[in-house]
Amino acid sequence: MSSLLNKENMVEDLDEDFGDELDEIKAKRAKIDEPSEDVQDKKLETFLDWCKAKEVFIDYNKVKIVCSGTSHNYGMVAIKDIDKDEVLSRIPKSAILEPSTTQINEMLAKNSKNLKSKSNWSKLIISLMFELNNSNSKWREYLDCFPNYDLFDLPMFWETSELKSWLENTCIPRNVIIDLDNMKNEFESIIKPFLDQNKQYFEEKCFSFEYYKKVVGFIMAYSFRDPNEDPDDPNAIGPMMVPVGDVLNHIAKNNAQIRFEKNELLIVSITPIKKVENILRIFV
């Protein structure tokens, strides 16, 4: 997995190549019904109760998390003027979903050598395959907030004819084909053998390459990586799912950032933010 899984570069390439044409391309694509606002509101309420139970701090005197008025399904909005360097949320590492916190962490650790991959995503992919399909998952209320995976409209989910027709004057189709080949190889040589050895823990759909792609899309859209971590370090955690952190919509000109501390992650304003403005982060 290469350029397609470099989230920032992929978005910049698409924006540079298409600009306003990207919206037209998306409009041509088949539409999937999104959850109603009532359903989203209920899921959000349940998620915020989960945050409180997991000791995730959100400064409700400064911000609120909402379903409408943002650029995506959820977002964080200022309810008062916010100064630079104010802490808006604290997320303990115990609330983060990654290979060492998943319920199957010991199983992953025992097979660590066989799960090494160029992308360093294999352990998180397997963790999510398990947790997403576990009704008793510690992260159930968090994971339920996310939309149907069919809503992920990334080029890797497009038909080959669509890629060639709509992106023919860019490098995107070639990169997508290369990355899909790499993903297929990782799935067949690393992920599926592990699943085959532990069938009792995984739903049947987890053995499908199409479902694997959706989990990869989920990670592409919402995961974080510690910018101070050396990706070549064999003990590197790699990508992780950060409740509340992934509520923030992303943009190049961000007004907040995720800071990685020893025992927690902080959402901190890096510029003054006006009341009613969205709290926005950059890809990490």
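Residues numbered from 1 in each chain as written. Predicted model: local features only at pLDDT ≥ 70, side-chain atom pairs only at ≥ 80, totals over all residues. Heavy atoms only, no water.

A.B. asks: Can you tell me about the confidence of the model for the protein, naming the residues and giving the values?
C.D. replies: Model confidence for the protein is summarised by a mean pLDDT of 82, while 74% of its residues fall at 70 or above. Below a pLDDT of 50 lies the segment residues 1–32, which in the model reaches 57 contacts outside its immediate sequence neighbourhood of four places, other chains included. (pLDDT = per-residue confidence, 0-100. Contact = heavy atoms within 4.5 Å.)

A.B. asks: Before we move on, could you go through the packing of aromatic side chains and cite the residues and values that matter?
C.D. replies: Within the structure shown, the criterion is met by twelve aromatic pairs. A ring pair is formed by tryptophan 50 and tyrosine 142, whose centres lie 6.1 Å apart and whose planes are at 20 degrees; its orientation type is stacked. Placement of the pair is tryptophan 50 in helix 3 (residues 37–53) and tyrosine 142 in helix 6 (residues 140–143), with a sequence separation of 92 residues. Neither tryptophan 50 nor tyrosine 142 differs from the other in exposure class; each is buried. (Phe/Tyr/Trp six-rings, centres within 6.5 Å; stacked < 30°, edge-to-face > 60°. Helix = DSSP H or I, 4+ residues; strand = E, 2+ residues; numbered from the N terminus. Buried < 20%, exposed > 50% of the residue type's maximum accessible area, 1.4 Å probe, protein only.)

A.B. asks: Explain the sheet that holds strand 1 (residues 57–58) to me, using residue names and the numbers behind them.
C.D. replies: With antiparallel pairing, the four strands of this open sheet are ordered in space as 1-4-7-6. Only two strands of the sheet have a single neighbouring strand rather than two, namely strand 1 and strand 6 (256–260). (Pairing = 2+ DSSP bridges.)

A.B. asks: Quick rundown of the nonpolar core? Include the residues and the values.
C.D. replies: Counting residues in each nonpolar core, the largest one holds 68 residues, and the members touching the most others are Phe47, Leu128, Met129, Phe202, Val244 and Ile279. Per-element accounting of this core gives the leading share, nine residues, to helix 9 (residues 209–222). Look past the residues within four positions of isoleucine 279 in its chain and what remains in contact with it is Val63, Met76, Val77, Ala78, Ile82, Leu88, Leu248, Asn249, Asn255, Ala256 and Ile273. (Core = buried A, V, L, I, M, F, W, Y, C linked by side-chain atoms within 4.5 Å.)

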